[in-house]
Amino acid sequence: MTMLAPSRPNDTLTRHMLYPFTNASYAAKNPPLVIEGGEGVYIIDSEGRRYIDGQAGLWNVNVGHGRDEIKQAIRDQLEKISYYSQFGGTTTTPSVVLAERLCAMASHEGMARAFYSSGGSEANEAAFKLVRQYWRHVGEPNRHKIISLKRAYHGVTLGALSANGTPAYKEHFEPLLAGFSQVETPHVYRNPFTEDPEALGRLCAELLDREITYQGPKSVAAFIAEPVQGAGGVIVPPANFWPLIRAVCDKHGVLLISDEVVTGFGRLGSMFGSRHWGVKPDIMVFAKGINSGYVPLGATVMNKRVADAFVTEDESQFTMAAFWHGNTYAGHPLACAAALANLDIVEREHLDRNAGEVGSHLLARLRDVQQRHPTMGDVRGLGLMIGIELVKNPDTKEAFAASANYGSRIAEKCKQQGVLLRNLGDTFILSPPLVLTKAQADTIADTFESAITDVGRI
Ligand SMILES: Cc1ncc(COP(=O)(O)O)c(C=O)c1O
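Reading the values: rules and limits
- Residues numbered from 1 in each chain as written.
- Predicted model: local features only at pLDDT ≥ 70, side-chain atom pairs only at ≥ 80, totals over all residues.
- Heavy atoms only, no water.
- Axes fitted to C-alpha atoms, helices over the stretch in contact; angles between N-to-C directions.
- Helix = DSSP H or I, 4+ residues; strand = E, 2+ residues; numbered from the N terminus.
- Parallel < 35°, antiparallel > 145°, perpendicular 65-115°, else oblique.
- Left-handed = near helix turned anticlockwise from the far one by under 90°.
- Contact = heavy atoms within 4.5 Å.
- Nonpolar A, V, L, I, M, F, W, Y, C, P; charged D, E, K, R; others polar.
- Domains from an automatic or database assignment.
- Salt bridge = Lys/Arg side-chain N within 4 Å of Asp/Glu carboxyl O.
- Polar contact = N/O pair within 3.5 Å; in protein donor to acceptor, adjacent residues only side chain to side chain.
- Near = heavy atom within 4 Å.
- Disulfide = S-S within 2.5 Å.
- Buried < 20%, exposed > 50% of the residue type's maximum accessible area, 1.4 Å probe, protein only.
- Pairing = 2+ DSSP bridges.

Things to note about the packing of helix 14 (residues 351–372) against helix 16 (residues 438–455)
- Relative orientation of the contacting elements helix 14 and helix 16 amounts to 20 degrees, with a least axis distance of 9 Å. In terms of axis orientation, helix 14 runs roughly parallel to helix 16. Crossing handedness for the pair helix 14 and helix 16: right-handed. Side by side, helix 14 and helix 16 meet where Glu357, Val358, His361, Leu362, Arg365, Leu366, Val369 and Arg372 of the first sit next to Lys438, Ala441, Asp442, Ile444, Ala445, Asp446, Phe448 and Glu449 of the second.
- Along the lines of polarity and charge, the residues of the contact of helix 14 with helix 16 split into 8 nonpolar, 1 polar and 7 charged.

Some thoughts on the domain arrangement of the chain
- One can read the domain layout of the chain as domain 1 (33–63 + 350–455) and domain 2 (70–348).
- Taking the mean C-alpha position of each, domain 1 and domain 2 sit 27 Å from one another.
- Across the contact surface, domain 1 and domain 2 share 1 salt bridge.
- Where domain 1 touches domain 2, the interface holds 16 residue pairs in polar contact (both at pLDDT 80 or more).
- For the side of domain 1 that touches domain 2, the leading source of residues is strand 11 (residues 376–382), giving 5 residues.
- Of the residues belonging to the side of domain 1 that touches domain 2, the class tally is 17 nonpolar, 10 polar and 5 charged.

A few points about the site of the ligand
- All residues in the neighbourhood of the ligand are listed as Gly119, Gly120, Ser121, Asn124, Tyr153, His154, Gly155, Glu226, Asp259, Val261, Val262 and Lys288.
- Contact between the ligand and Gly120: an oxygen atom at 2.8 Å from a main-chain N or O atom of the residue.
- One of the side-chain nitrogen or oxygen atoms of Asp259 is found 2.8 Å away from a nitrogen atom of the ligand.
- The greatest single-element share of the shell around the ligand, amounting to 3 residues, is contributed by helix 6 (residues 120–137).
- Tallied by class, residues from the shell around the ligand come to 3 nonpolar, 6 polar and 3 charged.

Describing the state of the cysteines
- Following the criterion strictly, the structure yields 0 disulfides and no others.
- Among the cysteines around Cys204, which has no disulfide bond, Cys249 carries the closest sulfur, lying 14 Å off.
- Taking the relative accessible area as the measure of exposure, Cys249 reaches 0% and is therefore buried.

A closer look at the sheet that holds strand 3 (residues 50–53)
- An order of 1-2-3-13 is seen for the 4 strands of this open sheet, with the pairing classed as mixed. At either margin of the open sheet sits one strand with a lone partner, and together these are strand 1 (35–39) and strand 13 (419–420).
- Summarising the sheet, strand 3 and strand 13 pair through 2 bridges and their orientation is parallel. Considered in strand 13, the bridge of Asp53 is made with Leu420.

Some words on the pairing of strand 7 (residues 220–225)
- Buried residues dominate strand 7, accounting for 6 of its 6 residues.
- Bridge analysis of strand 5 (residues 145–149) against strand 7 gives 3 bridges, and the strand direction is parallel. Across the sheet, Ile146 pairs through a bridge with Ala222, a residue of strand 7.
- Two elements, strand 7 and strand 8 (residues 255–259), share 4 bridges in a ladder whose sense is parallel.

Below is the structure:
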């Protein structure tokens, strides 16, 4: 039972707080919902209204809200010790046990060691520093460049931002880091090349090959990609793309980093996104679903090839061979305790399987709604990661004018009807908790249809 705090006047919600990616005047005119409680796939606002959480917080509350088992694991750890450093000769038990667990869960991918941070951007940042230092250790110090995909989202810190493939995130902060470049993403719905997914997968892998060759293979450290691009608009690559990019990386000796911040731990219907594509990356980057957001945590997990470069029996090299990176809160014991309880739930409740089954059902339901609503230009997705791109003209794929606020108006109607969905302009990016049932998926699809009908053609 959620105890509601007395409501705050709306203007106090925005007077002193600067919200991420939100203009202060806009926020003042459109005050945020104050979320006071949550239970399973539902969240409850300060007025006591209940919503289906169609975005799982921010792609992260995979096991649902308010899970007693996770809360208890955090409390138990809190009773022992709330925090202790991992620098210079101390550690805590949950972080050690979690590293073992992550490597066991990703043993198929050959993962050997985990390095912690406090979130997704930091975990990618660690991955970039790790690969640069790796290449110095193995005698190729010139390999420092990082290649990523257009429309990629890897985070907001300067390194992660440099790898992003959407200019809007970057333009306020340029110049960004040298040595980062982006190649075409295989976006089946919007690309100037071909409508044949397989040909597109081949072409984009070929473009990566050409970019590595152009940059000079001996200067390229790593290629990073999301198994399905999330914030870029839920872009599902053709099935041949990941195996082909693995082959391109191998051809040039380049390391492959899979950004599993969203896709890790079940969201695509497989435990890891790269596993869905049948590919073993060299580094897997986790955050979000690692503990369903109960306490901030990120992890950069590496295979033996990478890990062994940081191991030496030569005592004179002990200092220099260390990974020269670390944050105070990385691998926080409360976060790791939460992660262990979270992963118990993911495995026990087979949430990867549920995401696959309920995700297919939701996708089919939304595609059925699309038949009656031609402004739903493209409905795409894998597991419980689904994108709906709204267009003015489905034949030409012409977009609506931004000033029409079409997507936001539909999102508002959904909210009024008890379903909270996230839209980036006219693209909805659905990522409900992985405990979603088919009946709840039906409610999402029915509500979306009712909202799009209410808003009408514009
Ligand atoms: C694929 C991916 N990588 C990295 C990040 C950054 O994670 P964080 O916001 O925890 O820094 C995100 C955030 O949405 C993401 O979707």
